[in-house]
Each structure stands twice: as structure tokens, then as C-alpha cells.
Amino acid sequence: MSFLPSGPGRLVVIAFEGWNDAGEAAVDTARHLVAVWGLQGRTLFSGDDYFDMTFIRPVLTRDADGPHIEWPGCTTHTGTVPGTGLEIEVIIGTEPSYRWQEYTGRVRERLTEGDRVVLLGSLLADVTHTRPLPVSTTAEDPELAAEPEIERSEYTGPVGILGVLATTLAEAGLPTVSQWVAVPAYAASSPSPKAVLAMLGAFEDLTGLVVDQHELVDEARAWETGTDALVDSDEDLAEHVARIEGMTDATELPQASGEAIAREFERYLDRRRRED
């Protein structure tokens, strides 16, 4: 399938730092799209209105012009996907501390009729770094959920800003899909390039777009090697990982089909064509 606008609309990708971003995988995926497609960024809003600065600290950076304060907020990155003419906007924000309805309303104002929205999130789960990291693709809209690659969202319970947006945008009639990658709970203290790779693969399956991986494959291998060393140094953790591996293999491998292999091969061929 191709979850792309059929008319003049744009593809809008949204990710947030915070509760929705285990292992920084969601925001890192969004930043990867910004980088490989050369999108131009600007600040939508930042400052004290939505954030508790004793909890979400501003960041001090330095460059040739001197020190700068980076305030938590929300930025937009716009442009076109090279070779397609598709207009895209990538919104990256920090989950707010206050005024969630106003905050989501300001994000909603960025969207117009005809746009299609992909929300990116990552969560901690009982998955292992030695196996493919699963990505779920869901929608609130039953018509979207009828598509082969999309499932109907059934979650109930506490939600982060992505859950609020998914429901709000669906109620507004904007086609919206949520993609969540599972990150090993025991290895979430650092960025997870393997989770970014998994999310990019699911994003490609959803949209039909091909995203250059650049150094991600090498970074993912290095991350796996480092996590192997972490697990090997802790006997209890090694037993825990082995237990997850056994459960994963028992429940997922019998269901592995040629479709997954075919999708991966198609992505490989698409990259080869792009390189040629």
C-alpha cells in the first residue's frame, strides 16, 4: 500500500521527545528524515507556556557565535521528498507539561484538508536486541484499519501526547496512522539505531517511499555489539534475554512468511535503483 496523499495534500510526520520516545527512537527517526531529505526547519513555539523547566531543562549549546539556549518547544521542517515532488512536513516537539489541549490545537492548526499524518512513537517492551524489533502500525479510523498493513487501535488507558493527537486528528477527519517501535527495556538508556532502522522499514512499507539509511546499519551493528557486552557481563540479565528470545522464537518464527522477506527485498531493489 501507499499511505500518501492522492491530491494536493502533504505527508506530515510527527514525533515528540518524552514519554512517547523510548530509546529516542521516534525523534531520531524523524530527525533522520529531516536530514536525508534536506528539509528546512524553524521554531513554531517554545518557552515557559507549556513546559516545567525544573523537569524539562533547557540545553546550553556553543558554536562559533558563542553560547545559545535551546528551549523545549516545537519545530517544523518542510520541503519535498527528492525525486517525488511530494510535499512533506516533519514536526518534532517536546511533550508538554501544561495546556495539552492548547498545545495539540496549535499542532492541529498546521494541518489542512488533504494531508495525511504519520505519528511516530517508541515504547519499552519485553523484546530482545538480538531479534528484529517489532513495529505496530495502527489507526483509529476503521476504513484505514481495513488496509493490509494497518490494524485498528484497541488501546485503552493512560496516553501521551501522541495518543491525544491520534484521537483528535481522527475525530477531525484527517487520515492518521500511528507507528510504534518496541525497544528492549534493558537497553533503553542510550539511543537505539536498530529501533530507528525498524521504524524506517515500517515507514517505507506504509508510504512506499525509500529512505536512505546512511550510517544507520553500521550504527545498529555497533549498538548490538555493545548491548551484547552489557548482557554478557550480567548473568541475571543474560538469563532474562535468553527467556525473551525463547518466547519470541516460539510465537513469531512459525508465523514468519515470505511476505516479510519480499518486502525487505523490494526495499533493497528500490535502494539499488535510487543509487543507479
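Below: a short report on this structure. (Residues numbered from 1 in each chain as written. Predicted model: local features only at pLDDT ≥ 70, side-chain atom pairs only at ≥ 80, totals over all residues. Heavy atoms only, no water.)

Let's talk about the overall build of the chain
- Along the backbone of the chain there are eight helices and ten strands.
- Across the 276 residues of the chain, 43% fall into the buried class.
- Within the chain, counting contacts between residues at least 6 apart in sequence, those at least 24 apart form 77% of the total.
- Entry remark: accessible area of the chain is about 14600 Å², with carbon and sulfur atoms responsible for 50%. (Helix = DSSP H or I, 4+ residues; strand = E, 2+ residues; numbered from the N terminus. Buried < 20%, exposed > 50% of the residue type's maximum accessible area, 1.4 Å probe, protein only. Contact = heavy atoms within 4.5 Å. Areas by Shrake-Rupley, 256 points an atom, 1.4 Å probe, with all protein chains shown as cover.)

Regarding a nonpolar patch on the surface
- A surface patch of nonpolar side chains, about 320 Å² in accessible area, is lined by L60, I69 and W71.
- Structurally, I69 can be placed in strand β4 (residues 66–70).
- On the accessibility criterion, I69 (44% relative accessible area) is partly exposed. (Patch = residues over 30% accessible without salt bridge, like charges linked within 9 Å, V, L, I, M, F, W, Y side chains within 5 Å. Salt bridge = Lys/Arg side-chain N within 4 Å of Asp/Glu carboxyl O.)

Quick word on helix α1 (residues 25–36)
- In a regular helix each residue adds 1.5 Å, so twelve residues correspond to 16 Å; α1 covers 16 Å between its end C-alpha atoms and thus fits that length.
- Those residues of α1 lying buried are A25, A26, V27, T29, A30, H32, L33, V34 and V36.
- Looking at the residues trailing α1, positive phi occurs at G38, about 60 degrees. (Expected span 1.5 Å × (residues − 1).)

Details of the sheet that holds strand β9 (residues 151–152)
- In spatial order, the strands read β2-β5-β6-β1-β7-β10-β8-β9; together these eight strands make up an open sheet with mixed pairing. Because the sheet does not close on itself, it has two edges, and the strands there are β2 (40–46) and β9.
- Sheet topology note: the strand β1 (residues 11–17)/strand β7 (residues 116–125) ladder contains five bridges and is parallel. Paired with L11 across the bridge in β7 is R116.
- Taken strand by strand, helix α4 (residues 161–171) contacts β1, β7 and β10 (176–184), and its axis lies near 150 degrees from that of β7.
- Helix-sheet contacts for helix α5 (residues 193–207) involve β1, β7, β8 (135–139) and β10, and the interaxial angle to β10 is about 155 degrees. (Pairing = 2+ DSSP bridges. Axes fitted to C-alpha atoms, helices over the stretch in contact; angles between N-to-C directions.)

Quick look at the packing of aromatic side chains
- Within the structure shown, the criterion is met by seven aromatic pairs.
- The interplanar angle of 45 degrees and the centroid separation of 6.5 Å between the aromatic rings of W37 and F203 together place this pair among those described as tilted. Taken together, the residues W37 in the loop between α1 and β2 and F203 in helix α5 connect sequence positions 166 residues apart. As far as burial versus exposure is concerned, W37 and F203 are alike and both buried.
- On the basis of an interplanar angle of 55 degrees and a centroid distance of 5.4 Å, the ring pair of F45 and Y50 is categorised as tilted.
- We classify F45 as buried; its relative accessible area is 7%.
- These aromatic residues form a ring-pair network of at least three members: F16, F45, Y50, F51 and Y103. (Phe/Tyr/Trp six-rings, centres within 6.5 Å; stacked < 30°, edge-to-face > 60°.)

A look at the pattern of salt bridges
- One pass over the full model with this rule turns up eight salt bridges.
- Residues R110 and E89 are paired through a salt bridge, measuring 2.9 Å at the closest nitrogen-oxygen approach. With R110 in the loop between α2 (100–108) and β7 and E89 in strand β6 (residues 87–94), this pair connects stretches of sequence that are 21 residues apart.
- Overall, E89 belongs to the buried group, its relative accessible area being 0%.

Points about a negative patch on the surface
- Together, D234, E235, D236 and E239 line one region of the surface with negative charge.
- In this structure, E239 sits in helix α7 (residues 235–252).
- E239 gets classed as partly exposed once you look at its relative accessible area, which sits at 45%. (Lys, Arg positive; Asp, Glu negative; His and termini not counted. Charge placed at Lys NZ, Arg CZ, Asp CG, Glu CD.)

Considerations on the pairing of β1
- Burial analysis of β1 places six of its seven residues in the buried class, the great majority of the element.
- The pairing of β1 with β6 spans seven bridges and is classified as parallel. Along β6, the bridge assignment pairs E17 with T94.

Brief notes about the nonpolar core
- In terms of nonpolar packing, the biggest core is built from 40 residues, with V13, W37 and F203 touching the most fellow members.
- Broken down by secondary-structure element, the contributors of at least two residues to this core are β1, α1, β6, β7, β10 and α5.
- Contacts of V13, omitting those with residues within four sequence positions, involve L33, I88, E89, V90, I91, V118, L120 and F203.
- By size, the runner-up hydrophobic cluster in this structure holds 22 residues, among which are L44, F51, C74 and I91. (Core = buried A, V, L, I, M, F, W, Y, C linked by side-chain atoms within 4.5 Å.)

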